[in-house]
Amino acid sequence: MTVHHTALIDATATLGEGVEVGPWCTVGPNVVLGDNVRLISHVVVQQDTTVGAGTVIHPFAVIGGDPQHNGYKGETVRLEIGQNNLIREHCTFNRGTPQGTGVTIVGSNNLFMTGAHVGHDCVVGDNVVMANNATLGGHAQVGDKVFLGGLCAVHQNGRVGQGAIIGGLAAVTRDVIPYGSAWGNHARLRGLNLIGLKRKGYGKDQVRRLLAAYRDLFEGEGEFAGRIDGVAERYADLPEIMEIIAFICDGGRRPLCLPNAE
């Protein structure tokens, strides 16, 4: 364990083996830094935060800050970060709120580029990329292997299903289906994340069937509710399509990002 002499470490903080705390860092009360965590310099881990093993945090990031919520009155709330994350300069991750779940959760193996923001009570999966200044409003949920383009913003309580891609500058005010591709202001669903599917090893026949199911679901005739039932029956053997349908149904009355969304 290496702690620079200019760093401030609260007496209640716990530092694992191989931790490096660089110049002018602050590690606050009830913070846990897992093994081999690196705080390069000028990093603030404010309080009540766990940072998983192998995570690297670059200068001027503020991790575990108070939730930006008018109802927060200093209650004990937490931020939980998984393992092997790369958190670049000026990122901000807020703790949860008593009005929400009380905890913000970030998974493992994620890349947060400069200025990315994770709001209070958010849930972020694994292998997520948030490009420069991408923003998650409070209570947002982001599935595994999602790519969020630079300067995009997901509205509070928004959901982005796993494997989806959000274009740069997109204003995401409606839920985005798993494996979807959404961009624009406000964001519209523009199809499936074909680049992501190909990178994950999906073959041409698999992609062709997924596209056919997508067109039947979002571009077919009749009411949307009826198309959901028909697609669920015709494509029951495609787990990705069934995941999309489950995502839609689980959202209840939440607005869904659609090709014709305004």
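Residues numbered from 1 in each chain as written. Predicted model: local features only at pLDDT ≥ 70, side-chain atom pairs only at ≥ 80, totals over all residues. Heavy atoms only, no water.

Student: What should I look at first to understand the packing of aromatic side chains in this one?
Tutor: Centre distance and the angle of the planes are the two values used to describe a pair of aromatic rings. For the coordinates displayed, the defined rule picks out three aromatic pairs. With a centroid separation of 4.8 Å and an interplanar angle of 70°, the aromatic rings of Phe 93 and Phe 112 are classed as edge-to-face. Highlighted residues: Phe 93 in strand E14 (residues 92–94) and Phe 112 in strand E16 (residues 111–112), separated in sequence by 19 residues. The buried category is assigned to Phe 112, whose relative accessible area is 0%. Counting every residue linked through ring pairs, the aromatic cluster contains Tyr 214, Phe 218 and Phe 224. When the ring centre of Phe 247 is taken as origin, the NZ or CZ atom of Arg 159, which lies over that ring, is 3.9 Å away. Sitting over the ring of Trp 183, Arg 190 keeps its end group 4.1 Å from the ring centre. (Phe/Tyr/Trp six-rings, centres within 6.5 Å; stacked < 30°, edge-to-face > 60°. Helix = DSSP H or I, 4+ residues; strand = E, 2+ residues; numbered from the N terminus. Buried < 20%, exposed > 50% of the residue type's maximum accessible area, 1.4 Å probe, protein only. Lys NZ or Arg CZ within 6 Å of the ring centre and 35° of its normal.)

Student: Is there a simple way to think about the UniProt feature "domain: UDP N-acetylglucosamine O-acyltransferase C-terminal" (unreviewed entry) in the protein in this case?
Tutor: Under the UniProt annotation, "domain: UDP N-acetylglucosamine O-acyltransferase C-terminal" (unreviewed entry) lies at residues 175–253. Secondary structure across residues 175–253 divides into 57% helix and 11% strand, with the first and last C-alpha atoms of the span separated by 11 Å. (UniProt positions renumbered as here; feature names shortened; annotations may be inferred.)

Student: Can you help me understand the nonpolar core in this one?
Tutor: Generally speaking, a soluble globular protein has its nonpolar side chains buried in company with each other. Judged by nonpolar contacts, the single largest core of 69 residues is most densely connected at Leu 33, Leu 39, Phe 93, Phe 112, Leu 136 and Leu 148. Looking at this core, the elements that each hand over two or more residues are strand E12 (78–81), strand E28 (188–192), helix H2 (204–219), helix H3 (224–234) and helix H4 (239–250). Top element by residues in this core is H2. It accounts for six residues. Contacts of Phe 112, omitting those with residues within four sequence positions, involve Asn 85, Leu 86, Ile 87, Arg 88, Cys 91, Phe 93, Val 106, Val 118, Val 124 and Met 130. (Core = buried A, V, L, I, M, F, W, Y, C linked by side-chain atoms within 4.5 Å. Contact = heavy atoms within 4.5 Å.)

Student: In this structure, what is going on with the packing of H3 against H4? I would like to understand it.
Tutor: Two numbers describe a pair of packed helices, the interaxial angle and the distance between the axes. Where H3 contacts H4, the two axes come as close as 10 Å, and the packing angle between them is 145°. Every pair of crossing elements has a handedness; the one defined by H3 and H4 is left-handed. In this structure, H3 contributes Phe 224, Ile 228, Val 231 and Ala 232 to the contact, and H4 contributes Ile 241, Met 242, Ile 245 and Ile 248. Split by residue class, the contact of H3 with H4 holds eight nonpolar, no polar and no charged. (Axes fitted to C-alpha atoms, helices over the stretch in contact; angles between N-to-C directions. Left-handed = near helix turned anticlockwise from the far one by under 90°. Nonpolar A, V, L, I, M, F, W, Y, C, P; charged D, E, K, R; others polar.)

Student: Honestly, the pairing of E12 in this entry has me stumped. Any pointers?
Tutor: Two faces make up the sheet, and in a regular strand the side chains alternate between them. Of the two faces of E12, only the one carrying Leu 79 and Ile 81 is buried; Arg 78 and Glu 80 on the other face are not. Here strand E9 (residues 49–51) runs beside E12; their pairing, made up of three bridges, is parallel. When the bridges of E12 are listed, Thr 49 appears paired with Leu 79. Alignment of E12 against strand E15 (residues 103–106), held across four bridges, turns out to be parallel. What sits directly across from Glu 80, in E15, is Ile 105. (Pairing = 2+ DSSP bridges.)

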